[in-house]
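# Summary of structural features
So you can see what is in the structure, the chains are spelled out below.
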Amino acid sequence: MSEAGETVSAEDLVAELRKAKVSDLLVHTCSLFASFGYGKLSPEALDLDQARLAIEALKALAPLLDEQPRKEIQHVLADLQLSFARAASAPAPAAE
């Protein structure tokens, strides 16, 4: 539904998709992978396999980005890899 409460037609959706750029979708997708990767490194949701998969996805997609977003994603990727290394080397929490 639009802001005015109107339903959006299929034609409107197709028109919006035609205007979209793949490069913008790649940047958005990288941002999502980074967010998921960090989320999987949080102590309450620790999942190193999923975090590793997010890192590998970012490594695969980064070369496809334009120069400026690629640099930004590479910085995020480096930080995510450091966070992964810290999480992987941390002692396991004590069982209750």
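Below, the structure is looked at part by part.

### Side note on the overall build of the protein
Each helix and strand in the protein was counted, giving four helices and zero strands. The helix and strand sequence of the protein, counted from the amino end, reads α-α-α-α. Taking all 96 residues of the protein together, the buried fraction comes to 21%. Within the protein, residue pairs in contact and separated by at least 24 positions form 60% of the contacts whose partners lie at least 6 positions apart. Put simply, the protein shows about 7,200 Å² of open surface, and 59% of that area lies on carbon and sulfur atoms.

### Description of helix α3 (residues 48-61)
Given a rise of 1.5 Å per residue, 14 residues ought to cover 20 Å, and the 20 Å separating the end C-alpha atoms of α3 matches this to within 8%. Where the residues of α3 are buried, they touch α2 (22-39) and α4 (67-89).

### Things to note about the nonpolar core
Core analysis: the largest hydrophobic core is formed by 15 residues, its most contacted members being Cys30, Leu41, Leu58 and Ile73. Those elements giving two or more residues to this core turn out to be α2, α3 and α4. Considering each element in turn, this core owes the most residues, five residues, to α4. Excluding its chain neighbours within four sequence positions, the residues that come into contact with Leu41 are Leu46, Leu48, Ala51, Leu80, Ser83, Phe84 and Ala87.

### Details of α2
When the terminal C-alpha atoms of α2 are compared, their 25 Å separation across 18 residues agrees well with the 26 Å that a helix rising 1.5 Å per residue should span. Restricting attention to buried positions, one finds in α2 the residues Leu26, Cys30, Ala34 and Gly37. Along the long axis of α2, the arc covered by the buried residues comes to 75°, so they all point the same way. Exposed and oriented more than 90 degrees from the buried face of α2 are Leu25 and Phe36. Where α2 is buried, its residues meet α3 and α4.

### A few points about the pattern of salt bridges
Pairs can form between side chains of opposite charge once their charged atoms are near each other. Under the defined criterion, the tally for this structure stands at four salt bridges. Taking the shortest distance from any N to any O, the salt bridge between Arg52 and Asp49 comes out at 3.1 Å. Of this pair, Arg52 and Asp49 both sit in helix α3, separated by three residues, roughly a single helical turn. One salt bridge in this structure joins Lys71 and Glu67, with 3.1 Å as the shortest N-O distance. Taken together, the residues span about one helical turn, with Lys71 and Glu67 both in helix α4 at a distance of four residues. Since its relative accessible area comes to 39%, Lys71 is described here as partly exposed.

Cut-offs applied
- Residues numbered from 1 in each chain as written.
- Predicted model: local features only at pLDDT ≥ 70, side-chain atom pairs only at ≥ 80, totals over all residues.
- Heavy atoms only, no water.
- Helix = DSSP H or I, 4+ residues; strand = E, 2+ residues; numbered from the N terminus.
- Buried < 20%, exposed > 50% of the residue type's maximum accessible area, 1.4 Å probe, protein only.
- Contact = heavy atoms within 4.5 Å.
- Areas by Shrake-Rupley, 256 points an atom, 1.4 Å probe, with all protein chains shown as cover.
- Expected span 1.5 Å × (residues − 1).
- Core = buried A, V, L, I, M, F, W, Y, C linked by side-chain atoms within 4.5 Å.
- Arc of directions from axis to C-beta.
- Salt bridge = Lys/Arg side-chain N within 4 Å of Asp/Glu carboxyl O.

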